[in-house]
Amino acid sequence: MFPALETEVKQETLPDPYEDFMYHHLQYYGYFKGHRGSLPTSATHQHVWKNNPRYLLSGSFGERQGMIPDPLQKEKLLYSLMLSSPLLKSRQLLHDEFGEVNPCLREPRDLFTFFSSSGPLQAPRWPIECEVIKENLHHIEWVPPQPEYFYQPTGNEKLPEIVGEEKGTVVFQLDSVPTEGSYFTSSRVGGKRGIIKELAVTLQGPEDKTLLFESRFESGNLQKAVRVDTYEYELTLRTDLYTNKHTQWFYFRVQNTRKDATYRFTIVNLLKPKSLYTIGMKPLMYSQLDAKTHNIGWRREGNEIRYYKNNRDDGQQAFYCLTWTIQFPHDQDTCFFAHFYPYTYTDLQCYLLSVANNPVQSQFCKLRTLCRSLAGNTVYLLTITNPSQTPQEAAAKKAVVLSARVHPGESNGSWIMKGFLDFILSNSPDAQLLRDIFVFKVVPMLNPDGVIVGNYRCSLAGRDLNRHYKTILKESFPCIWYTRNMIKRLLEEREVLLYCDFHGHSRKNNIFLYGCNNNDRKYWLHERVFPLMLSKNAPDKFSFHSCNFKVQKCKEGTGRVVMWRMGILNSYTMESTFGGSTLGNKRDTHFTTEDLKSLGYHVCDTLLDFCDPDRTKFMQCLTELKELLQQEIHKKFNELGQDMDLEGSWSDICLSDIESSTSGSDSSLSDGLPVHLLNVADELNQKKKMYKKKKKKLLQTRKQRNEQYQKNNLMQELKLTEDALSFQERAGFASSTLQKQPTFFRNSENASSSAMRNEKPRLNESQLHGREKGTSLDPSKMTSILTKSKERMQTEKPRPTVSCSPERSTNSSQEPAADMKSHWSRNRYPATKRGRAAMTVYPSLHVYTYP
């Protein structure tokens, strides 16, 4: 209902309810700025619409109808007047390219945040405490023409003493950084409101050589820079937001460089006692002038690299320092430094936009929103598979689930994911075959909030998401909650052949996998076949000997273990180093982005080998694994100083006892939930318990209740009859029976009587459960069984027999005692099929006992 444009409508004497409602409704949503009296009354609406639904073209413009005979011209004039009216404030009407009004509504904005070629990318949302500069950064991709070798320490590297602010000058410092004790509340595009302050120092003139630092951009991390000498700076990294730890990732910008000077940078608050920087890893540098003039991108730079313990201890935790020297290639250049090749949330969106706009790739790659992150950023889900010819063919496809960037500072996971997507979306015959036989579910960035703000390990909840895959807090950990739920639904539809989560590693070189030992002997060592095949396909990058398959208690909340316990046998964490390779042709060289992307291709190639109908490769790998494991067992016993013949029993040894723990990984112990979420978790647990208690049983029909009642009565009568018979036999035949029994049988009978009494109710219960599940007997059958059992008990002579087998009970009295004993042990748990009514011989299952 539009606001009326005419002002001559007379007001009603009494306020109309409809008029009052419309007035408040339109005023609330900002579409009405006039007075209450300018709205037409409901009576007017009813009268006008009843006589002419297009009253706006006839009522208030009655005088103009003679001048505007064309209805289309009337309509255009109407909408033009509506838009120019101060009473109407709406942006829902579309204009055509000539500026004329097109009477159709605009589509809803960003309902699911799907990409379109005409719309811009979704701007990242930041916590409201974060200041963000209004600059869009872009780095070119570039592969060095020559291998970038590890730094070789000379032993003469300087260890600068940390002096801090007392003897230096602060040239850059973030103001408000939320740390432990605070928690995320809200977010907005652009972060903190207000004017963005200039944090870098003001240069005193062209001769001022002070570097200008900046990190308030996407994925940036630098909290403070202190100038301690002309060309020497101490840098402090920002901890993950809402925590007081996890300092590893750095990414910042420097300006006002000098070409001929040697600068020294020292990061003073790293937390890990071991690092790849101790064995030759170099930082990354990017020069904007080199990128523009020579098309050179990120490269490994730095000399005099040392990683050592900080001599300034705050009494709480030890800090470690990383120091290096650098010579900038140009004067007045803008350069960037980073721990590893950055890959931001905007980079991902640009890539997905190109896929969505590709007419071929969009046919078999469907982009959807998995959920919104804590800050409201979109977590994307890609479903990649070729269209199937029939529903049966679609249902027969197995699934593969891949994810990356649950740890935001491990950008190498995104580069492997990019390589995988490049190949699987290509027109390669192998890629087409993979899309024919698999459904790929891909979550390319699990923690976009952490990536945006420059965290190393945590989300905005202040916790490591890879320790909370069991969480019930959907609102606090939405990314992993929805991922786990998606995989759970996927498992109900089809088999998931493989799950792999891409990570980075800061202490070990090469690329390797963490898996889970399988306890089922039928699939013994099968979880190790895929990693071994991958090592054969990428021998200069992937190290099988660095793989580990031990499941530790502290890793129970990781994606790898949770998915394994959900039923995915091949569940892995792929760890790719921040450094480089120590294998083959790439020995002692840093990995480039091209190396990491090539591993994404090798994952696809190995997947084809793993699922090859010709099982030759698979069986060869199993044989090799058994030999490797046997060697490992011998090695372990030699270390323990034991000599053991493993010819027949080596395969029964627990694999977890052989392997070392994965404590060498970049693992962080779970800190539990933040304080502000503890009450929420407790309330949810209480609700779940109350729901289980209040859960009502399904109502039964009268027929079902009658059948259950008759069954209970018959079972009670049967029990009474058996008890009476048992008492009669014990009273009348106990002494003669004991005299006829051999001594060893009598001893074994007495010894086992209590055990048999315990076994009897368990046997009855299991049979009753079996009947309730699908083999329940009709009450009429129960009556006939009971009648036959009574007649049989009255006519049969009592026999001192111990038998649990109804088929052999009639001849058991003629068997020797030893045979009877072995027969009892064999048939202690008689095998009965679920479909067969075992109750037809129920009375003979009674085990006779003697006083």
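If you're wondering where the values come from, they're calculated on a predicted model, not measured in any experiment. For every chain, the first residue of its written sequence is number 1, and the numbers climb from 1 along that sequence. For a predicted model such as this one, the threshold for reporting local features is a pLDDT of at least 70, and the threshold for listing and counting side-chain atom pairs is 80 or more; totals across whole chains, interfaces and linings nevertheless cover every residue. Only heavy atoms go into the side-chain values, all of them from the structure, while hydrogens and water stay out.

A. Inspection of unusual backbone geometry at higher detail. The backbone of His 246 sits at a positive phi, close to 65 degrees, despite the residue not being glycine. At Asn 510, a residue that is not glycine, the phi angle is positive and equals roughly 75 degrees. Turning to its location among the elements, Asn 510 is positioned in the loop between β20 (496-505) and β21 (511-514). Each residue is placed in one exposure class: buried if its accessible area under a 1.4 Å probe, protein chains only, is under 20% of its type's maximum, exposed if it is over 50%, and partly exposed if it falls in between. Note on Asn 510: relative accessible area 5%, which makes it buried. Secondary structure follows DSSP: runs of H or I at least 4 residues long count as helices, runs of E at least 2 residues long count as strands, and numbering of each begins at the N terminus.

B. Fine view of the environment of Asp 449. Here Asp 449 lies in helix α10 (residues 448-453). Residue classification places Asp 449 among the buried residues on the basis of a relative accessible area of 3%. For the pair Asp 449 and Pro 124, spaced 325 residues apart in sequence, the C-alpha separation works out to 8.5 Å. The contact definition used throughout considers only heavy atoms, calling two residues in contact when any of these lie within 4.5 Å. Setting aside its immediate chain neighbours within four residues, Asp 449 contacts Ser 373, Leu 374, Ala 375, Asn 377 and Leu 460. Under this definition, polar contacts are N or O atom pairs within 3.5 Å; protein pairs additionally need one hydrogen-donor-capable and one acceptor-capable atom, and for neighbouring residues in sequence, both atoms have to be side-chain atoms. Among the polar contacts made by the side chain of Asp 449, one reaches the side chain of Asn 377 at a distance of 2.8 Å.

C. Spatial organisation of the sheet that holds strand β12 (residues 299-300). Read across the open sheet, the 5 strands follow the order β6-β9-β15-β11-β12; overall the sheet is antiparallel. This sheet does not close on itself; its edge strands, each paired only once, are β6 (212-214) and β12. When DSSP finds two or more bridges between a pair of strands, those strands are recorded as paired. Inspection of the sheet shows strand β11 (residues 284-287) paired to β12 by 2 bridges, in the antiparallel sense. Across the sheet, Leu 284 pairs through a bridge with Arg 300, a residue of β12.

D. View of the nonpolar core. What makes a nonpolar core is a set of buried Ala, Val, Leu, Ile, Met, Phe, Trp, Tyr and Cys residues whose side-chain atoms join them at distances within 4.5 Å. Grouped together as the largest cluster of nonpolar side chains are 125 residues, with contacts concentrated most on Phe 213 and Phe 265. With near-sequence residues (within four places) excluded, Phe 265 lies in contact with Leu 211, Phe 213, Tyr 233, Leu 235, Leu 322, Thr 323, Trp 324, Ile 326, Phe 328 and Phe 337. In this structure, Leu 381, Leu 446, Leu 473 and Ile 487 belong to the second largest nonpolar core, which totals 24 residues.

E. Broad picture of the confidence of the model for the protein. A residue's pLDDT is the confidence the predictor assigns to it, expressed on a 0 to 100 scale. For the protein, the average pLDDT comes to 76, and 65% of its residues sit at 70 or higher. Low pLDDT, under 50, characterises residues 108-113; the stretch is placed with 7 contacts to residues that sit more than four places away or in other chains. With pLDDT under 50 throughout, residues 733-851 is counted as low confidence; its partners more than four residues away or in other chains account for 122 contacts.

F. Here's a closer look at helix α1 (residues 17-28). To estimate how far a helix should reach, multiply one less than its number of residues by 1.5 Å. Helix length check: α1, at 12 residues, gives a terminal C-alpha distance of 17 Å against a target of 16 Å (1.5 Å per residue), a fit within 8%. When α1 is considered as a whole, its buried residues turn out to be Glu 19, Met 22, Tyr 23 and Leu 26. Taken end-on, α1 shows its buried residues confined to a sector of 105 degrees, consistent with a single buried face. Across α1 from its buried face, at more than 90 degrees, point the exposed residues Pro 17 and Tyr 28. Throughout, the arc means that of the directions going from the helix axis to the C-beta atoms.

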